[in-house]
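Each chain, letter by letter, is given below.
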Amino acid sequence: MRLSGGIATVVPLALVAFACTAPAKDPSSGSYTVSFPSTAAAVATDTVQLLVFDVPASTTERNDFCLTLIQGRKRQDPQKPLLANTPVNICEMLGGRKPITIPYGEKAVLAVAKRKSNDFLIGCVIQTFGDGDALLDIDLALVDVGVSVPDTTCATVGDFCGQKCPAI
């Protein structure tokens, strides 16, 4: 985890991808990164869940697919992801526990961070998964700009997970 320019807290997560065409081969390991708008936003997050979708073939649908997914989530439209991980708390994320297995190929990954059972932060990225680490960060932003991020005395997510500072 690193603090980038004081703007975003970046939490690397475990990832295991697999090839559907090569079932005899074990999944390849890698990681993906979720970027929070601040340390306070990361500490205020209860869990993060990833929802993985196949990307539409048409260029027009593909270009707006992440926006469509985010808007649908905000409207609470039913969504049918290809797969979804079990929600992971911020300390499990920091420790790289609870990896997710994502099939090889181009996928849209919608990350939803919850606070007190409500969608708090959301982000989406389209990328191609294969051997190794995912190249793009999933940048999270507030679902509702009218909901503020609580202050924290934690300088880092590691401090919070090490119980050196309280959640507020």
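Above this text sits the structure in question.
Residues numbered from 1 in each chain as written. Predicted model: local features only at pLDDT ≥ 70, side-chain atom pairs only at ≥ 80, totals over all residues. Heavy atoms only, no water.

*Asks:* Help me understand empty space enclosed by the protein, please; the structure alone is not making it clear to me.
*Replies:* One water molecule sets the probe size; rolling that probe over the atoms shows where empty space is left. Under the criterion given, the structure shown has two cavities of 30 Å³ or more. By volume, the second largest cavity is sized at about 40 Å³. What lines the second largest cavity is Tyr32, Leu50, Ile102, Val109, Gln127, Phe129, Leu136 and Ile138. Taken together, the residues of the lining of the second largest cavity break down into seven nonpolar, one polar and no charged. (1 Å grid on protein atoms, 1.4 Å probe; cavity = no way out; pocket = protein on both sides within 12 Å on 5 of 7 lines; lining within 4 Å. Points joined across faces, edges and corners; volume = space filled by probe spheres on them. Nonpolar A, V, L, I, M, F, W, Y, C, P; charged D, E, K, R; others polar.)

*Asks:* Is there a simple way to think about the state of the cysteines in this case?
*Replies:* For the coordinates displayed, the defined rule picks out three disulfides. Paired through a disulfide, cysteine 66 and cysteine 124 show a sulfur-sulfur distance of 2.1 Å. An S-S torsion of about -65 degrees defines the bridge between cysteine 66 and cysteine 124 as left-handed. Linking cysteine 66 in helix H3 (residues 65–75) with cysteine 124 in strand S9 (residues 118–129), this pair joins segments that are 58 residues apart in sequence. Overall, cysteine 66 belongs to the buried group, its relative accessible area being 13%. Of the residues examined, cysteine 124 reaches a relative accessible area of 17% and is grouped as buried. For cysteine 91, the disulfide goes to cysteine 161, at an S-S distance of 2.1 Å. As the torsion about the S-S bond is roughly -100 degrees, the cysteine 91-cysteine 161 disulfide counts as left-handed. Linking cysteine 91 in helix H4 (residues 90–94) with cysteine 161 in helix H5 (residues 157–161), this pair joins segments that are 70 residues apart in sequence. Classification of cysteine 161 by relative accessible area gives partly exposed; the value is 24%. Cysteine pairing for the protein, with bonded cysteines counted in sequence order: 1-3, 2-5, 4-6. (Disulfide = S-S within 2.5 Å. Helix = DSSP H or I, 4+ residues; strand = E, 2+ residues; numbered from the N terminus. Buried < 20%, exposed > 50% of the residue type's maximum accessible area, 1.4 Å probe, protein only.)

*Asks:* What is the right way to read unusual backbone geometry from this model?
*Replies:* What is expected of a backbone is that most residues other than glycine have negative phi and most peptide bonds are trans. One non-glycine residue, lysine 116, lies in positive phi territory at about 50 degrees. Following the sequence through the fold, lysine 116 ends up in the loop between strand S8 (105–115) and S9. One non-glycine residue, serine 117, lies in positive phi territory at about 70 degrees. Inspection of the secondary structure puts serine 117 in the loop between S8 and S9.

*Asks:* Would you explain the layout of surface pockets in this entry?
*Replies:* Of the volumes computed, that of the largest pocket is approximately 190 Å³. Considering the residues around the largest pocket, the lining is formed by 13 residues, among which Arg73, Lys74, Gln76, Lys114 and Asp119 are closest to the centre. Every element with two or more residues in the lining of the largest pocket is listed here: H3 and S9. In terms of lining residues, the second largest pocket is bounded by Arg115, Asn118, Asp119, Phe120, Leu142, Val143, Asp144, Val147, Ser148 and Pro150. Looking at the lining of the second largest pocket element by element, the count peaks at three residues for S9. Of the residues in the lining of the second largest pocket, the class split is five nonpolar, two polar and three charged.

*Asks:* Which parts of the structure should I look at to understand the nonpolar core?
*Replies:* One finds Phe36, Ile138 and Leu140 to be the most contacted residues of the largest nonpolar core, which totals 30 residues. Those elements that place two or more of their residues in this core are strand S3 (28–36), helix H1 (39–44), strand S4 (47–54), H4, strand S7 (100–103), S8, S9 and H5. Counting 14 residues, the second-largest nonpolar core is a separate cluster that includes Leu69, Ala108, Val112 and Ile122. (Core = buried A, V, L, I, M, F, W, Y, C linked by side-chain atoms within 4.5 Å.)

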